[in-house]
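# A structural walkthrough
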Amino acid sequence: MHRTTLTVKGGVNNGLLSFKAEDDPTYTPHLWRIGEWDGQPLEFLNANEMLTMHPADVRIPQRNWYSGDYFIGVQSAKDFAAVYWQDINDHPAIFFTLKEAYRTQDLTLRIGLTAAFEGARPQITLNGWTPRAPAKTLQPKGRQAILGTYRGVNAVIEVPIPKENWAQSDTLPNKITIKVASGSSGEGFMSPHFIVDCIDLLGTPIEETSVPPTIAPTFSPTNAPATIAPVRDAAGTLSTPVLLCAAAVLAHFAM
């Protein structure tokens, strides 16, 4: 998000100041990502319906706003709800595995919001470990998800994850659950909630390279060294190193 100050004068054309987009989260190296960093939740479950319908509208295919557990690499953003309410679809679970190269690192989980009501923010639990809840984000007053909009103040929440909390196996899945934390409460769609922009796990993917096998050099009668130059030791005496060339060895065993 870019902020600047522009003076607008009446009766004349006012040009917008040009600026360069910086720190675009889209280009941050990541291990996996749900959604896109585009400032809107339209790729998520029920996002299009929320613009024209109440979240409890009978025309919405999944009115419980919950599609079950989410498995990285198996499902798409359409299987992840656009909005999470404290009293409706709290505690979505994300499952994924990590290779050893990543399990030995401290990583960061990043969650983007487009709006939040009553100070709602994501509180994660990873494999039984629960960090401190993040601070609430600055948002306008209003229940955007009920009023037909997802617009609020876009915010990015980063959660550092110490390496000792990862599942210690290439096949054992990690489980992240997301709880709607808030100092307030409510019933149903009036409960605290936030709207999702994107979720990703930061980290630089490691390219797997295969190491070619070590092949011992071979000699044949045509490429074996025929002579060795004499060398002089510390006392100045000349001597010739002993070398059994492949040709000589083959000749011996052929007799």
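The structure under discussion appears in the preceding block.
Everything quoted here is computed from the prediction, not taken from an experiment.

### Regarding the overall build of the protein
- Helix and strand counts for the protein come out as four helices and eleven strands.
- Put simply, the protein has 255 residues, and 36% of those count as buried.
- If you take every contact in the protein between residues at least 6 apart in sequence, the share linking residues at least 24 apart comes to 75%.
- Carbon and sulfur atoms form 55% of the exposed surface of the protein, whose accessible area is close to 15800 Å².

### Topic: empty space enclosed by the protein
- According to the stated counting rule, one finds one cavity of 30 Å³ or more in the structure shown.
- Approximately 50 Å³ is the volume attributed to the largest cavity.
- What lines the largest cavity is W65, Y66, S67, G68, D69, Y70, D79, F80, A81, Y84, P92 and A93.

### Topic: the nonpolar core
- Core analysis: the largest hydrophobic core is formed by 46 residues, its most contacted members being F80, I94, L109, F194 and I199.
- Top element by residues in this core is strand β5 (residues 107–117). It accounts for six residues.
- With near-sequence residues (within four places) excluded, I94 lies in contact with W32, I34, Y70, I72, F80, N174, K175, I176 and I178.

### Here we look at the sheet that holds strand β8 (residues 174–181)
- The strand order across the open sheet built from four strands is β2-β4-β8-β6, with neighbouring strands paired in mixed fashion. Strand pairing shows two members of the sheet lacking a second neighbour, β2 (70–71) and β6 (121–126), which therefore form its edges.
- Bridging between strand β4 (residues 93–96) and β8 involves four bridges; their strand directions are antiparallel. Within β8, the position partnered with I94 by the bridge is I176.

### Here we look at the packing of aromatic side chains
- Scanning the entire structure with this criterion turns up nine aromatic pairs.
- Geometrically, the ring pair formed by Y70 and F80 is edge-to-face, given 5.6 Å between the ring centres and 90 degrees between the ring planes. Within this pair, whereas Y70 is found in strand β2, its partner F80 is found in the loop between β2 and β3 (83–85), the two being separated by ten residues in sequence.
- We classify F80 as buried; its relative accessible area is 2%.

### Overview of the pattern of salt bridges
- Counted under the stated rule, the structure contains five salt bridges.
- A salt bridge links D200 to R33; the shortest N-O distance between them is 3.0 Å. Remark: R33 occurs in strand β1 (residues 30–35) and D200 occurs in strand β9 (residues 193–202); sequence separation between them is 167 residues. One exposure class covers both D200 and R33, and it is buried.

### Side note on the side chain of T137
- Within the secondary structure layout, T137 lies in the loop between β6 and α3 (144–147).
- Look at T137 and you get buried, because its relative accessible area is 18%.
- Engagement of the side chain of T137 in a polar contact is seen with the side chain of Q139, the distance being 3.1 Å.
- Non-local contacts of T137, meaning those with residues more than four positions away in its chain, are made with A116, A155 and I157.

### Some thoughts on unusual backbone geometry
- A positive phi angle, close to 55 degrees, is found at W65, a residue other than glycine.
- If you trace the backbone, W65 turns up in the loop between α1 (47–50) and β2.
- A relative accessible area of 1% means that W65 is categorised as buried.
- The backbone phi angle of E118 is positive, close to 60 degrees, even though this residue is not glycine.
- Within the secondary structure, E118 sits in the loop between β5 and β6.
- Overall, E118 belongs to the partly exposed group, its relative accessible area being 40%.

### Remarks on a nonpolar patch on the surface
- Where nonpolar side chains cluster on the molecular surface, the patch consists of L6, V8 and L16 and spans about 320 Å² of accessible area.
- Assignment of secondary structure puts L6 in the segment before β1.
- Of the residues examined, L6 reaches a relative accessible area of 34% and is grouped as partly exposed.

Thresholds applied
- Residues numbered from 1 in each chain as written.
- Predicted model: local features only at pLDDT ≥ 70, side-chain atom pairs only at ≥ 80, totals over all residues.
- Heavy atoms only, no water.
- Helix = DSSP H or I, 4+ residues; strand = E, 2+ residues; numbered from the N terminus.
- Buried < 20%, exposed > 50% of the residue type's maximum accessible area, 1.4 Å probe, protein only.
- Contact = heavy atoms within 4.5 Å.
- Areas by Shrake-Rupley, 256 points an atom, 1.4 Å probe, with all protein chains shown as cover.
- 1 Å grid on protein atoms, 1.4 Å probe; cavity = no way out; pocket = protein on both sides within 12 Å on 5 of 7 lines; lining within 4 Å.
- Points joined across faces, edges and corners; volume = space filled by probe spheres on them.
- Core = buried A, V, L, I, M, F, W, Y, C linked by side-chain atoms within 4.5 Å.
- Pairing = 2+ DSSP bridges.
- Phe/Tyr/Trp six-rings, centres within 6.5 Å; stacked < 30°, edge-to-face > 60°.
- Salt bridge = Lys/Arg side-chain N within 4 Å of Asp/Glu carboxyl O.
- Polar contact = N/O pair within 3.5 Å; in protein donor to acceptor, adjacent residues only side chain to side chain.
- Patch = residues over 30% accessible without salt bridge, like charges linked within 9 Å, V, L, I, M, F, W, Y side chains within 5 Å.

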